[in-house]
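Survey of secondary and tertiary structure
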Amino acid sequence: MTSRAMRQLFQAAFIGLACSCAVPAFQTIPGYVQVEAPSPTFASSSTLSSSLSSSLRLFHDTSAFFDGRPSSRLSFLLRLSAEAQEEEEVVEELKFPPNIISSSTPKPNENNSSEQHDRQKSFQQGGLQLNQRRWVFRDKYPIAYEVATDATPWRRESEHEKESDTDVVPILLLNGFGVGSFHQHRLMRRLLLERRAKNNHRKQNVRYLVYGIDYLGQGQSWPAFCDDGNSPDEFQLSYSADTWIEQLGLFLRDVVLADAANNDGDSPRKAHIVGNSVGGYLAAVLSSLHPHLVSTVALLNATPVWGLNLPFWDGKLPAPFVPRRVGRALFDVIREEGTIDRYLEAAYATRGAYDGTFHDGFGDESSTGDGRGVEGDGGLGKKIRACTEGKGGHAAFASILWSAPASAPDYFSAEGHLQQQQQQQPTMKQQQQQQQQQQEKLHPPQQQQQPEKQTKPQKIQFYQALQSLPMDVLLLFGSDDPWCTPAVAKRMHSTLSSRRNIHDNDDEFDDECANTTPASRYVAIDNCGHCPNHEAPAAVAKVLLAWFDADDNVNGNATFRRNNVELIPNNGESEATKNGHGVMVKEPWGDVWVREVSIEESRKLDFMDWMVANMVG
């Protein structure tokens, strides 16, 4: 890869990471009191000029910091520390008031059930309903999430049918950096419309519950009081992969699967997870650690890396001086409107998909008469910029830069395969051994015991997590992504196809499916960039519908059906299929082409594609 390409890659990484620092300044979350922030003030114009010059110089010098040479990194940090000793910071802190929670906010000691924490705000149009809710993470941090469903009254086909016969399918959508669940509204709506059409056509009664969530430190999910990492609510908080995976695992168990219970009190044991960009990274790691909660995984231009894992700090707030200064300078540069627009221009294949030309919300796309957005809306860039206003963003950005990749608990083996014994019932011998160990803990021997060795948790590599996934995995990649290129998708496809058989000696499956390995399919979307969920929602929803519906037939093996089901929508465009581009799907801002990539094609990588695929992750 050329030096120019490397610089573009690092710039893109910085821009994407900058968007991860979000504070709900312009959007109202139920339960919060909206406070208008006064304009920031500075000590003087000369101070402003000096600070801006220093920030720009610091941003320019990051190319030396990340060029892979330890000497360059060390000299960069030493120079920064020397400058800090020579001059005092005279720029006053921006006078943003802290995030204030009203009296309706649950106290940390209240029950963590979804019913207790829902301060619900609903939006409904055309029978589709979007509920904005909150849930408390670690008994401390209010987390904003949304759940979309089709509120159309259930119609009985016969007098013998009961409403409890409805099949509830929970789906969790995971965002990339810098956006909240609002980035999933288009896909939420298209999934519900596709499900409604299939219900009507086949006289089925399947109900989707589609969830979106803001990670802690993004969107509308923040500590109650933020003070640039110095408040008690932020003390020792790390905005890391481990924190987000813990948040998502508890949310999946305590909210998504619990809410999906039907009228008989039954609840689906698993949910489908769909992750875009870093949400794909989180989906893969989360599913490898908690496979008992996940039915299938769909990766939409998944990012196979986490942050930058910079040295000398573990990412726990408050930040030391150098990380705080670096994070503040980079964050201020990257969140400029022009920088955000340049990032979106690179991430999207069609500008009309994000610039506000077309409707961007959960409501009816024809609400303005022709499917176009409201004039002056500002599009996705304005929403991202709005997410960066507040007193927690700078500290969160620094924490993300320095935090380490996800770590594995004890049951994640060094070979990258989950130990299935952890999910099985213990044998009689194992139960006796466990009882004996418990007795030894209660009545330890009198002799002096050796202290247990403290070992650092093992870090999980993305492809290691992919290799361990026991469930079916779908890859949906926009082909015009400048970072997660088709070569990266092909490497993921090849990794997934090499997984071991998970159905050997399993009585649940018949002889026809006994030797079926987990399904792994790769669908490419041409004329689509890094965010297929937002740029190609109609195409993605059609493919996901076929993927999810493999569970509809209770007879046989869902994995066997997913390996053979036709994922590409057949819309009668014979010319589209003949010319090699795949099947055309119309989006409001332009057509996209959907085609499936075979495993044979994925395994054929030329030298340059192989290098790109191995450098990114």
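Since the structure is predicted, the reported quantities are computational estimates derived from the model, not experimental observations. Per chain, residues are indexed from 1 in the order of the written sequence. Residues qualify for local features only when their pLDDT is at least 70, as the model is predicted, and side-chain atom pairs are given and counted only at 80 or more; totals for whole chains, interfaces and linings, by contrast, use all residues. Hydrogens and water are ignored here; the side-chain numbers use all heavy atoms of the structure.

1. A closer look at the sheet that holds strand 12 (residues 583–587)
As a reminder of what qualifies: Paired strands, in this sense, are two strands between which DSSP finds at least two bridges. Every helix listed is a DSSP run of H or I at least four residues long, and every strand listed is a run of E at least two residues long, numbered separately from the N terminus. Only the stretch in contact is used when fitting a helix axis, every axis being a line fitted to C-alpha atoms; angles between N-to-C directions are given from 0 to 180 degrees. In what follows, residue pairs with any heavy atoms lying within 4.5 Å of each other are defined as contacts.
One open sheet holds the 11 strands; their spatial order is 1-2-3-5-4-6-7-10-11-13-12, and the pairing between them is mixed. The strands lining the two open edges of the sheet, one partner per strand, are strand 1 (121–125) and strand 12. Averaged over all pairs of adjacent strands, the angle between their axes in this sheet comes to 25°, without regard to strand direction. Bridge count for strand 4 (residues 167–174) against strand 6 (residues 271–276) is 4 bridges, and the pairing is parallel. In the strand pairing of strand 6, Leu 173 is matched with Val 274. Packing of helix 14 (residues 486–497) onto the sheet brings it into contact with strand 10 (472–478), strand 11 (520–526) and strand 13 (590–597), and relative to strand 11 it is tilted by some 165°.

2. Examining the pattern of salt bridges
Which entries qualify depends on this criterion: We define a salt bridge as a side-chain nitrogen of Lys or Arg found within 4 Å of a carboxyl oxygen belonging to Asp or Glu. Note on classification: 1.4 Å probe, protein chains only; a residue is buried when its accessible area is under 20% of the maximum for its type, exposed when over 50%, partly exposed between these limits.
According to the stated counting rule, one finds 21 salt bridges in the structure shown. Linking Glu 194 and Arg 190 is a salt bridge whose minimum nitrogen-to-oxygen distance equals 3.3 Å. Note that Glu 194 and Arg 190 are positioned in helix 5 (residues 185–202) at a spacing of 4 residues, about one turn of the helix. Here Lys 198 and Asp 549 are joined by a salt bridge, their closest N and O atoms 2.4 Å apart. Within this pair, whereas Lys 198 is found in helix 5, its partner Asp 549 is found in the loop between helix 16 (537–548) and helix 17 (558–562), the two being separated by 351 residues in sequence. Of the residues examined, Asp 549 reaches a relative accessible area of 10% and is grouped as buried. Taken together, the salt bridges that share partners define one network made up of Asp 332, Arg 335, Arg 385 and Glu 389.

3. Things to note about the pairing of strand 4
The line we're drawing: Handedness of a crossover is defined as follows: with both strands directed away from the viewer, a clockwise route from the first strand across the helix to the second makes it right-handed.
In terms of burial, strand 4 is a largely internal element, 7 of the 8 residues being buried. Two elements, strand 4 and strand 5 (residues 206–213), share 7 bridges in a ladder whose sense is parallel. Its bridge partner lying in strand 5, Ile 171 is registered against Val 210. Viewed along the sheet, the connection from strand 4 through helix 5 into strand 5 turns out right-handed.

4. Structural notes on the packing of helix 9 (residues 337–347) against helix 10 (residues 379–386)
What counts is decided by this rule: Orientation labels follow simple angle bins: below 35 degrees gives roughly parallel, above 145 gives roughly antiparallel, 65 to 115 gives roughly perpendicular, and whatever is left gives oblique. Handedness of each helix crossing follows the sense of rotation of the near helix against the far helix: counterclockwise by less than a right angle gives left-handed, clockwise gives right-handed. The residue classification treats Ala, Val, Leu, Ile, Met, Phe, Trp, Tyr, Cys and Pro as nonpolar and Asp, Glu, Lys and Arg as charged. All others, Gly included, are polar.
The N-to-C vectors of helix 9 and helix 10 enclose an angle of 130°; their axes lie 10 Å apart at closest approach. With respect to their mutual orientation, helix 9 and helix 10 come out oblique. Between helix 9 and helix 10 the crossing geometry is right-handed. Every residue of helix 10 that contacts helix 9 at Glu 337, Ile 340 and Leu 344 is listed here: Leu 380, Gly 381, Ile 384 and Arg 385. A per-class count over the contact of helix 9 with helix 10 returns 4 nonpolar, 1 polar and 2 charged.

5. Regarding the packing of helix 5 against helix 16
Where helix 5 meets helix 16, the axes come as close as 9 Å, and the angle between the chain directions of the two elements is 50°. Comparing the axis directions of helix 5 and helix 16 gives the class oblique. The way helix 5 lies across helix 16 gives a crossing that is right-handed. Residues Arg 186, Leu 187, Arg 190, Leu 191, Glu 194, Arg 195 and Lys 198 of helix 5 form the contact with helix 16, whose participating residues are Pro 537, Ala 538, Val 540, Ala 541, Lys 542, Leu 544, Leu 545 and Phe 548. Taken together, the residues of the contact of helix 5 with helix 16 sort by class into 9 nonpolar, no polar and 6 charged.

6. Considerations on a nonpolar patch on the surface
Our working rule: Residues form patches when they are more than 30% accessible in relative terms and have no salt bridge. Like charges link within 9 Å. Nonpolar side chains (Val, Leu, Ile, Met, Phe, Trp, Tyr) link within 5 Å. We get accessible surface area from the Shrake-Rupley algorithm with a probe of 1.4 Å; when it comes to residues, only the shown protein chains can shield them.
There is a patch of nonpolar side chains on the surface, built from Phe 607, Met 608 and Trp 610 and spanning about 370 Å² of accessible area. Classification of Trp 610 by relative accessible area gives partly exposed; the value is 47%.

7. Comments concerning the environment of Ala 329
With respect to the helices, strands and loops of the structure, Ala 329 is situated in helix 8 (residues 321–334). For the pair Ala 329 and His 394, spaced 65 residues apart in sequence, the C-alpha to C-alpha distance is 8.6 Å.

8. Notes on the packing of aromatic side chains
For the record, the criterion: For Phe, Tyr and Trp, rings pair up if their centres lie within 6.5 Å, where Trp contributes its six-membered ring, and each pair is then called stacked (planes under 30 degrees apart), edge-to-face (over 60) or tilted (otherwise). Counting as a charge over the ring demands two things of the Lys NZ or Arg CZ atom: a distance within 6 Å of the ring centre and an angle within 35 degrees of the ring normal.
A complete count under the given rule lists 22 aromatic pairs for this structure. Measuring from ring centre to ring centre gives 6.1 Å for Tyr 208 and Phe 548, while their planes differ by 85°; the resulting arrangement is edge-to-face. Of the two residues, Tyr 208 sits in strand 5 while Phe 548 sits in helix 16, which places them 340 residues apart along the sequence. Comparing Tyr 208 with Phe 548 shows no difference in burial state: the two are buried. The ring centre of Tyr 463 lies 3.7 Å from the NZ or CZ of Arg 491, which sits over that ring. In this structure, Arg 562 packs its charged tip against the face of Trp 547, placed 5.5 Å from the ring centre.

9. Structural notes on the pairing of strand 1
Direction of pairing for strand 1 relative to strand 2 (residues 128–137): antiparallel, over a ladder of 5 bridges. By the bridge assignment, Ser 122 is partnered in strand 2 with Asn 131. Linking strand 1 to strand 2, which pair antiparallel, is a turn of 2 residues; within it Gly 126 sits at a positive phi near 60°.

10. Comments concerning the confidence of the model for the protein
Detailed conclusions should not be drawn from predicted coordinates in areas where pLDDT is low. Heads up, the condition is: Think of pLDDT as the predictor's per-residue confidence, scored from 0 to 100.
With 62% of its residues at a pLDDT of at least 70, the protein reaches an overall mean of 75. Predicted confidence for residues 84–118 stays below pLDDT 50, and this span has 72 contacts to residues more than four positions away or in other chains. In the model, residues 410–429 has pLDDT below 50 throughout and makes 37 contacts with residues more than four positions away in sequence or in other chains.

11. What about helix 14?
Note that an α-helix has 3.6 residues per turn; residues three or four places apart therefore point the same way. Here is the rule: Working rule for helices: expected span equals 1.5 Å times residues minus one.
Its 12 residues give helix 14 an end-to-end C-alpha distance of 16 Å, which sits within 8% of 16 Å, the value for a rise of 1.5 Å per residue. Residues of helix 14 that are buried: Ala 487, Val 488, Ala 489, Lys 490, Met 492, His 493, Thr 495 and Leu 496. Looking at the buried residues of helix 14, the elements they touch are helix 13 (462–468), strand 10, strand 11, strand 13, helix 19 (599–602) and helix 20 (607–615).

12. A few points about the side chain of Asn 199
Summarising the element assignment, Asn 199 is placed in helix 5. Residue Asn 199 is classed as buried on the basis of its relative accessible area, which comes to 13%. Setting aside its immediate chain neighbours within four residues, Asn 199 contacts Gln 204, Asn 205 and Val 206.

13. What to know about unusual backbone geometry
Following Leu 317, the chain continues to Pro 318 via a peptide bond in cis, the omega torsion being 0°. On the secondary structure map, Pro 318 appears in the loop between strand 7 (294–300) and helix 8. Even without glycine at this site, Asp 139 takes up a positive phi of about 55°. Summarising the element assignment, Asp 139 is placed in the loop between strand 2 and strand 3 (141–150). Given the relative accessible area of 36%, Asp 139 is considered partly exposed. For Ser 277, which is not a glycine, the phi torsion comes out positive at approximately 60°. Residue placement: Ser 277 occurs in the loop between strand 6 and helix 7 (278–289).

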